Amino acid sequence: SACLVGSEMCIRDRSINGNSALHTAAYYLSSAVGDIVVQGTLDTNAGTSNWSDIDTFTASSSDSLVYRNFNGVFSHLRFKHTLTSGSITKILVRN
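Bear in mind the structure is a predicted one, so any value in this text is a computation, not a measurement.

Caption draft 1: Representation of the overall build of the protein chain. A tally of regular secondary structure across the protein chain gives one helix and six strands. In the protein chain, the succession of helices and strands from N to C terminus is β-β-α-β-β-β-β. Out of the 95 residues belonging to the protein chain, those deemed buried represent 40%. Pairs at least 24 apart in sequence give 77% of the contacts found in the protein chain among residues at least 6 apart. Surface accessibility of the protein chain: about 5200 Å² in total, with carbon and sulfur atoms responsible for 49%.

Following this line, the structure appears as structure tokens:
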């Protein structure tokens, strides 16, 4: 499923992944420099303030497509970024 840049969060179906709970995020970057942080929550209400950092990736301007794997069972995921230059074209997530 896709998480478009600027979207608040992605809804994950916890029943799909079973015990492995392996997720892959693909970051499509355009000369991006800075941090991308995956956050997750177990709350059923996506408006919660109970988000935890799962993975942090520091992008350099030479990165164009980056895959990041992480494990965990979450109700919702979201991606926060702090870029000093460049942009994120899109983020795709495999649940």
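Caption draft 2: Molecular detail of the environment of Thr-48. Inspection of the secondary structure puts Thr-48 in the loop between β3 (22-41) and β4 (52-59). Not counting the four nearest positions on each side in its chain, Thr-48 is found in contact with Thr-41 and Asp-43.

Caption draft 3: Looking closely at the nonpolar core. In terms of nonpolar packing, the biggest core is built from 16 residues, with Tyr-27, Leu-29, Phe-57 and Phe-79 touching the most fellow members. Secondary-structure elements contributing two or more residues to this core are β3, β4, β5 (65-71) and β6 (76-94). With six residues, the top contributor of residues to this core is β3. Not counting residues within four places of it along the chain, the set of residues in contact with Leu-29 comprises Ile-36, Phe-57, Ala-59, Asp-63, Ser-64, Val-66, Ser-87, Ile-88 and Thr-89.

Caption draft 4: Here's a closer look at the packing of aromatic side chains. Within this structure, the stated rule accounts for two aromatic pairs. With 6.1 Å between their ring centres and 85° between their planes, Tyr-27 and Phe-79 make a pair best called edge-to-face. Here Phe-79 lies in strand β6 and Tyr-27 lies in strand β3, a separation of 52 residues in the sequence. The residues Tyr-27 and Phe-79 share a single accessibility class, namely buried. Three or more aromatic residues joined by ring pairs make a cluster, and in this case those are Tyr-27, Phe-57 and Phe-79. Here the basic side chain of Lys-90 rests over the ring of Tyr-28, its NZ or CZ set 4.8 Å away from the ring centre.

Cut-off values and rules
Residues numbered from 1 in each chain as written. Predicted model: local features only at pLDDT ≥ 70, side-chain atom pairs only at ≥ 80, totals over all residues. Heavy atoms only, no water. Helix = DSSP H or I, 4+ residues; strand = E, 2+ residues; numbered from the N terminus. Buried < 20%, exposed > 50% of the residue type's maximum accessible area, 1.4 Å probe, protein only. Contact = heavy atoms within 4.5 Å. Areas by Shrake-Rupley, 256 points an atom, 1.4 Å probe, with all protein chains shown as cover. Core = buried A, V, L, I, M, F, W, Y, C linked by side-chain atoms within 4.5 Å. Phe/Tyr/Trp six-rings, centres within 6.5 Å; stacked < 30°, edge-to-face > 60°. Lys NZ or Arg CZ within 6 Å of the ring centre and 35° of its normal.

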